[in-house]
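In case you want the letters, here they are:
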Amino acid sequence: LVVVIILRMITQLKNIVSSTMHLLYPHICTGCGSDLLEKDNQLCLTCIHELPHTNFALLPNNQVEKYFWGRIHLEAAYSQFYFSKAFLIQHLIHQLKYKGDTAIGFYLGEIMGKTMLHSNRFSSLNALVPLPLFADKEHKRGYNQATVICNGISSVLNIPVLTGAVVRQYATETQTRKHRTERWENVKDSFKVAKPAELNGKKLLLVDDVVTTGATLEACGNVILNATDAKLSIATLAYAAK
C-alpha cells in the first residue's frame, strides 16, 4: 500500500512539474499556435493532416522529374509537398527561412527521410548535398535552410550531409520575379565543385526547399555532374513549378 501511495505521489509530482514547465516554456504548434501537440512534434495533428503531400517519391516520371527532362540527367526527383501561397506550407517555409525556426526545417526533413525510406527509388543514396548559399548570405542568416532539411533527412536515412563539397561563388539576385530564362542566366555560373573527391562515384541527393522553374537546381546539378562521375537525384521540400 505504501509503495502504491508513493508511486501515485511521484506521478502527481511529474504532472505538476510538466504542467509548470509548459506554462513557463510553452511548446506550441509552428503551424497554428495550438499547444495541443506531443513534445517531440513541431505540428499538431490538425496541421499534420493539412500538409499537402504529393506522393511523387513513389511515382516515376512525376511532375518534378518531367520538369528536368532534357535539362539535366537525373536518377530520380521528387518534392514532398505542393506549395500554395497563403497556406500552411508557405508559412512553415517562411518560418524556416526568415524566422530562424530550424526545428521545423529539421522536422520536415525527417518527414522527407521517412518518405524516401519507403521508396525504392531513393534506397541506394550515399550522401546528401544541400544547395549552397553564398557564404555572406549564409553567415547573415546563420544557417543554410537546405542544410537544415538535409540534417532531418540524414537522421532517418543515416547518410552523411556534404556541406562544403559544392559552393556558391557569388551572390545572385533574387529569383522571385524572374522568368525561366532570366533565372537561368542569373545562376548559370554561380556554383563550383570545391571537393570533387567527396562526390566521385557516389549516388547523391541534391536538396533545396522549393522548386519553381528548377533553374538553380539545374545549374548546381550540372556542375556536379560535369565535375564528377557521381549519379544525381533531386529532392525538395515543396513543388511550386510555374
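Placed above this text is the structure.
Residues numbered from 1 in each chain as written. Predicted model: local features only at pLDDT ≥ 70, side-chain atom pairs only at ≥ 80, totals over all residues. Heavy atoms only, no water.

For the overall build of the protein, give the residues involved together with the corresponding values.
Scanning the protein from N- to C-terminus turns up 10 helices and 6 strands. Taking all 242 residues of the protein together, 46% fall into the buried category. In the protein, the proportion of contacts linking residues at least 24 apart, taken out of those at least 6 apart, comes to 75%. Approximately 13200 Å² of the protein is accessible, and the part contributed by carbon and sulfur atoms is 55%. (Helix = DSSP H or I, 4+ residues; strand = E, 2+ residues; numbered from the N terminus. Buried < 20%, exposed > 50% of the residue type's maximum accessible area, 1.4 Å probe, protein only. Contact = heavy atoms within 4.5 Å. Areas by Shrake-Rupley, 256 points an atom, 1.4 Å probe, with all protein chains shown as cover.)

How would you summarise the sheet that holds strand E1 (residues 77–82) if you had to cite specific residues and measurements?
Pairing in this open sheet of 4 strands is parallel, and the strands run E1-E6-E5-E2 from one edge to the other. Whereas interior strands pair on both sides, the edge strands pair on one side only; in this sheet they are E1 and strand E2 (127–130). Shown here is a sheet whose adjacent strand axes are inclined to one another by a mean of 20°, direction ignored. For strand E5 (residues 203–211) and strand E6 (residues 231–239), the ladder comprises 8 bridges, and the chain directions are parallel. Within E6, the position partnered with Val207 by the bridge is Ala235. Helix H7 (residues 145–157) rests against E2, E5 and E6 of the sheet, and its axis sits at about 125° to E5. (Pairing = 2+ DSSP bridges. Axes fitted to C-alpha atoms, helices over the stretch in contact; angles between N-to-C directions.)

I'd like a rundown of the side chain of Arg71, residues and numbers included.
In this fold, Arg71 is placed in the loop between helix H3 (63–68) and E1. Exposure remark for Arg71: the relative accessible area of 18% places this residue in the buried category. Of the polar contacts made by the side chain of Arg71, one reaches the backbone oxygen of Tyr67; its length is 2.8 Å. (Polar contact = N/O pair within 3.5 Å; in protein donor to acceptor, adjacent residues only side chain to side chain.)

Provide a residue-level description of a nonpolar patch on the surface, including the pertinent values.
On the surface, Val2, Val3, Ile6, Leu7 and Ile10 cluster together to form a nonpolar patch covering roughly 460 Å² of accessible area. By the element assignment, Leu7 lies in helix H1 (residues 2–24). (Patch = residues over 30% accessible without salt bridge, like charges linked within 9 Å, V, L, I, M, F, W, Y side chains within 5 Å. Salt bridge = Lys/Arg side-chain N within 4 Å of Asp/Glu carboxyl O.)

Nothing here speaks to function; it is geometry throughout.
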